[in-house]
Amino acid sequence: MAREELTKLPGGVLRYSYVLDEDEATAFEVFTLADVTAPYKQRFLDEIREQDWIVDFGRDLQESPFRADIVICTSDAAF
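Chains are numbered independently. Their residues run from 1 in the order of the written sequence. Thresholds applied to this predicted model are a pLDDT of at least 70 for local features of residues and 80 or more for the giving and counting of side-chain atom pairs; totals over whole chains, interfaces and linings are not thresholded and use all residues. Based on all heavy atoms of the structure, the side-chain values leave hydrogens and waters out of the count.

Turning our eyes to something else, we now look at the side chain of threonine 7. Secondary-structure assignment places threonine 7 in strand 1 (residues 3-8). Under the relative-accessibility criterion, threonine 7 is labelled buried at 17%. By definition in these notes, contact holds between two residues if any of their heavy atoms fall within 4.5 Å. Apart from the residues within four sequence positions on either side, threonine 7 is in contact with Val13, Leu14 and Arg15. Going along the chain from the N terminus, every DSSP run of H or I of four or more residues is numbered as a helix, and every run of E of two or more is numbered as a strand. Residue exposure (1.4 Å probe, protein chains only): buried if accessible area is under 20% of the type maximum, exposed if over 50%, otherwise partly exposed.

Next up, the structure:
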């Protein structure tokens, strides 16, 4: 099983980190779900749903990482 981690950084920026099963030395850290490969993408989507986060996917930013997914609120706060 690969190791994957979804982290909500300050400002709501999401960081997707995962290590491939086949080669523990190959690690990925990205800030948009669009850059995550299958099957990890579905795992991260499931975790976002479990957290009840409403996410603005692919928001342009003025600073690095310049494009990221941002948690804007939880689903219960949206009502």
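Next comes the rest of the write-up.
Let us look at the nonpolar core. Grouping buried Ala, Val, Leu, Ile, Met, Phe, Trp, Tyr and Cys residues that are joined through side-chain atoms within 4.5 Å yields what is termed a nonpolar core. The biggest cluster of nonpolar side chains holds 14 residues, and the ones touching the most others in it are Leu6, Leu14, Tyr16, Val36, Phe44, Ile48 and Trp53. Those elements giving two or more residues to this core turn out to be strand 2 (14-19), helix 1 (40-51) and strand 4 (53-60). Leaving out residues up to four positions away in the same chain, leucine 6 has contacts with Leu14, Arg15, Tyr16, Phe44, Glu47, Ile48 and Trp53.

With that out of the way, let us pick up the pattern of salt bridges. We count a salt bridge whenever a side-chain nitrogen from Lys or Arg sits within 4 Å of a carboxyl oxygen from Asp or Glu. Applying the stated criterion across every chain yields a total of 5 salt bridges. Taking the shortest distance from any N to any O, the salt bridge between arginine 49 and aspartate 46 comes out at 3.5 Å. With a gap of 3 residues between them, arginine 49 and aspartate 46 both fall in helix 1, about one helical turn apart. Relative accessible area serves as the criterion here: at 53%, arginine 49 is assigned to the exposed category. Taking the relative accessible area as the measure of exposure, aspartate 46 reaches 33% and is therefore partly exposed. Among the salt bridges present, the one from arginine 67 reaches aspartate 60, with a minimum N-O distance of 2.4 Å. Judged by its relative accessible area of 45%, arginine 67 is partly exposed.

This part covers the sheet that holds strand 2. A strand pair is defined by DSSP finding two or more bridges across the two strands. Across the sheet, which stays open at both edges, the 3 strands sit in the order 1-2-3 with antiparallel pairing between neighbours. The open sheet has two edge strands, strand 1 and strand 3 (27-30), and neither has a second partner. Averaged over all adjacent pairs, the angle separating strand axes in this sheet is 10 degrees, with direction ignored. By the bridge criterion, 6 bridges tie strand 1 to strand 2 in an arrangement that is antiparallel. Opposite threonine 7, over in strand 2, you have arginine 15 as the bridge partner. Comment: axis = line fitted to C-alpha atoms, over the contacting stretch for helices; angle = value between 0 and 180 degrees taken between N-to-C directions.

Function cannot be inferred from these measures alone, as they are strictly geometric.
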